[in-house]
Amino acid sequence: MLGGHSAIEIPKLNIHSLEAASAFILSYGFDVTRESDLEKLWYYHRRALVLMLEKLGFEDSELPEVFRDRKHLTDIRQLLIYASSQNPDDKELQRWACAILRCMHVFVHAENDLFSSFSEEIQSQILTPFQDCTRHDGSSHRTFLQGTNTDFEPIELLGFEVKPFKTSSSTVIKLLAKPDALAMKIFDKLGVRFITRNLFDTFQVVRFLIRENVISFPHIMPDQSSNNLYPVNLFMEVCDDLAHRLDTLDEKSIQAAFDQKMAEQGENVKFLRKENFFSGEDYRFIKFISRKLIHVKPLGGKEEFSFFYPFEVQIMDQSAHQKILSGPSEHQAYKERQRMAARKRLFPE
């Protein structure tokens, strides 16, 4: 509690009776004397086994028979007692009990957030403003970002994507893979991605989102922002240099000016990059996490209530997007790195 470590790192528990197990579980949040709570615990037990065997690649033959289903274990509290065993002959059972409990613990956190109860309201209120300003021209099959102010030219996009909703299994793997991650720190369950034609337009998208109040910038979480696409200070310097003749330059000339400025900096270039051990070096993008104040009106005339919910915005140009489709940052490779880290976290020894 005072050392700053996750409970997942604990090598074993210290629970040696069913009564002590009941008290521990009650403090954790479940009452084993209630049938509904007991069924939830068995549900998380099943979810943990499925994740370990089907998603993380552990073999059926590795799993001790006593943990395979409830008819063998008989009492869910026995899992805690096995995880506390000091008998050298039970070492393998103790290791597996701890691994299963680690998995169950993360599932409990992943599946008991606000999204599980208010997914429709959260998705609608966060995504609708983005979707309303994204126009599709059916005749030319082109996509534009266009606001209500007609004084500004639309920004042509190569793509606009709503991130697939993270399943609880993928969230659990992500949490297990990152030692410093907690369930309440998963900010990208919901998100959007803009793909622009060039570097200049990526920054235009940022300006558009603020100017059109699609996002409220005071709600951005600054410690979650990343930008390894192009340093903001250098971008502004180039824009200042080109301001008096920007309208007379073509896209190639503008991009060349950005490239030249970057080359002049050499190794002195400083990016804003939130460290992600699983992303490849070629994964270049602008990313920020914002929060939306969600308003929920319960059925039955109950009083409306509100809460903040986070979402992710990614912006990248065509060049960066093409690299992640073919390079080591490709999504499957990224997921495999996470999967291997999660396996190691379940069996740290």
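A quick note: this is a predicted structure, and the numbers were derived from the prediction, not measured.

A. The arrangement of helix H1 (residues 18-28) in detail. When we look at burial in H1, the residues that qualify are Ala21, Ser22 and Ile25. Considered in projection along H1, the buried side chains sweep an arc of 100 degrees and stay on one side of the axis. In H1, the exposed positions angled more than 90 degrees off the buried face are occupied by Glu19, Leu26 and Ser27. Considering only its buried residues, H1 is in contact with helix H2 (35-55) and helix H4 (78-82). Where H1 terminates, the next one or two residues include glycine 29, which has phi positive at roughly 135 degrees.

B. Molecular detail of the environment of arginine 284. Its place among the elements puts arginine 284 in the loop between helix H10 (251-265) and strand S6 (286-296). Only 2.9 Å separates the side chain of arginine 284 from the backbone oxygen of asparagine 228, close enough to count as a polar contact.

C. Main features of the sheet that holds S6. Read across the sheet, seven strands follow the order S1-S2-S3-S4-S7-S6-S5 without closing on themselves; strand pairing throughout is mixed. Unpaired on one side and paired on the other, strand S1 (134-137) and strand S5 (226-227) mark the two borders of the sheet. Along the sheet face, helix H6 (residues 115-132) touches S1, strand S3 (155-162), strand S4 (191-196), S6 and strand S7 (305-317) and points at about 120 degrees away from the line of S6.

D. Structural detail: the nonpolar core. Ranked by size, the top nonpolar core spans 45 residues in total, and within it Ile122, Phe130, Phe194, Leu209 and Val313 carry the most contacts. With near-sequence residues (within four places) excluded, leucine 209 lies in contact with Phe130, Phe194, Val214, Ile215, Phe288 and Val313.

E. Fine view of the pattern of salt bridges. Per the counting criterion, the structure on display carries 15 salt bridges. Of the charged contacts in the structure, one is a salt bridge between aspartate 201 and arginine 197, with a shortest N-O distance of 3.4 Å. Residue classification places arginine 197 among the partly exposed residues on the basis of a relative accessible area of 29%. The shortest N-O distance in the salt bridge between glutamate 251 and arginine 197 comes to 2.3 Å.

F. Seen up close, a negative patch on the surface. On the surface, a cluster of negative charge is made up of Glu54, Glu59, Asp60 and Glu62. Turning to its location among the elements, glutamate 62 is positioned in the loop between H2 and helix H3 (70-73).

G. Quick peek at the pairing of S3. Relative to S3, strand S2 (residues 142-145) runs antiparallel, the two being bridged by three bridges. The residue of S3 that forms the bridge with phenylalanine 144 is glutamate 156. Examined bridge by bridge, S3 and S4 share five bridges and lie antiparallel to one another. Residue glutamate 161 lies in a different strand from S4, and its bridge partner there is arginine 193.

H. View of the layout of surface pockets. Its volume calculated, the second largest pocket comes out at about 530 Å³. Every residue lining the second largest pocket is counted, 23 residues in all, and those nearest its centre are Phe203, Val206, Arg207, Val232 and Ile286.

I. Seen up close, helix H8 (residues 199-211). Taking 1.5 Å per residue, 13 residues should reach 18 Å; H8 reaches 19 Å between its end C-alpha atoms and fits that length. What H8 keeps buried is the set Leu199, Asp201, Thr202, Phe203, Val205, Phe208 and Leu209. For H8, the capping residue at the N-terminal end is asparagine 198, with a side-chain oxygen 3.3 Å from the backbone nitrogen of phenylalanine 200. Taken from the residues just after H8, asparagine 213 is the one with a positive phi, measuring 55 degrees.

J. Spotlight on unusual backbone geometry. Not every positive phi belongs to a glycine, and histidine 141 is a case in point at roughly 55 degrees. Positionally, histidine 141 belongs in the loop between S1 and S2. Its identity as a non-glycine residue notwithstanding, asparagine 213 has a phi of 55 degrees, on the positive side.

K. Summary view of the packing of aromatic side chains. Throughout the structure, instances matching the rule amount to 19 aromatic pairs. Judged by centre distance (6.2 Å) and plane angle (20 degrees), the rings of tyrosine 28 and phenylalanine 30 are stacked. Look at phenylalanine 118 and phenylalanine 305: their rings are 5.4 Å apart centre to centre, the planes differ by 70 degrees, and that puts the pair in the edge-to-face class. With phenylalanine 118 in helix H6 and phenylalanine 305 in strand S7, this pair connects stretches of sequence that are 187 residues apart. Judged by its relative accessible area of 18%, phenylalanine 118 is buried. Overall, phenylalanine 305 belongs to the partly exposed group, its relative accessible area being 31%. Among the aromatic residues, those joined into a cluster by ring pairs are Phe200, Phe203, Tyr230, Phe235 and Phe258. Here the basic side chain of arginine 211 rests over the ring of phenylalanine 152, its NZ or CZ set 3.7 Å away from the ring centre. The ring of phenylalanine 58 is capped by arginine 343, whose NZ or CZ atom sits 4.2 Å from the centre of that ring.

L. Representation of the packing of helix H5 (residues 91-110) against helix H7 (residues 168-177) in the model. At a closest axis distance of 9 Å, the pairing of H5 and H7 adopts a crossing angle of 120 degrees. As summarised for this structure, H5 and H7 are arranged oblique, according to the angle between their axes. For the crossing formed where H5 meets H7, the hand is right-handed. Taken together, the residues of H7 that come into contact with H5 (itself represented by Cys103, Val106, Phe107 and Ala110) are Ser168, Ser169, Thr171, Val172, Leu175 and Leu176. Residues belonging to the contact of H5 with H7 are distributed by class as follows: seven nonpolar, three polar and no charged.

Rules used throughout
- Residues numbered from 1 in each chain as written.
- Predicted model: local features only at pLDDT ≥ 70, side-chain atom pairs only at ≥ 80, totals over all residues.
- Heavy atoms only, no water.
- Buried < 20%, exposed > 50% of the residue type's maximum accessible area, 1.4 Å probe, protein only.
- Helix = DSSP H or I, 4+ residues; strand = E, 2+ residues; numbered from the N terminus.
- Arc of directions from axis to C-beta.
- Contact = heavy atoms within 4.5 Å.
- Polar contact = N/O pair within 3.5 Å; in protein donor to acceptor, adjacent residues only side chain to side chain.
- Pairing = 2+ DSSP bridges.
- Axes fitted to C-alpha atoms, helices over the stretch in contact; angles between N-to-C directions.
- Core = buried A, V, L, I, M, F, W, Y, C linked by side-chain atoms within 4.5 Å.
- Salt bridge = Lys/Arg side-chain N within 4 Å of Asp/Glu carboxyl O.
- Patch = residues over 30% accessible without salt bridge, like charges linked within 9 Å, V, L, I, M, F, W, Y side chains within 5 Å.
- Areas by Shrake-Rupley, 256 points an atom, 1.4 Å probe, with all protein chains shown as cover.
- Lys, Arg positive; Asp, Glu negative; His and termini not counted.
- Charge placed at Lys NZ, Arg CZ, Asp CG, Glu CD.
- 1 Å grid on protein atoms, 1.4 Å probe; cavity = no way out; pocket = protein on both sides within 12 Å on 5 of 7 lines; lining within 4 Å.
- Points joined across faces, edges and corners; volume = space filled by probe spheres on them.
- Expected span 1.5 Å × (residues − 1).
- Phe/Tyr/Trp six-rings, centres within 6.5 Å; stacked < 30°, edge-to-face > 60°.
- Lys NZ or Arg CZ within 6 Å of the ring centre and 35° of its normal.
- Parallel < 35°, antiparallel > 145°, perpendicular 65-115°, else oblique.
- Left-handed = near helix turned anticlockwise from the far one by under 90°.
- Nonpolar A, V, L, I, M, F, W, Y, C, P; charged D, E, K, R; others polar.

Read these as spatial facts, not as claims about activity.
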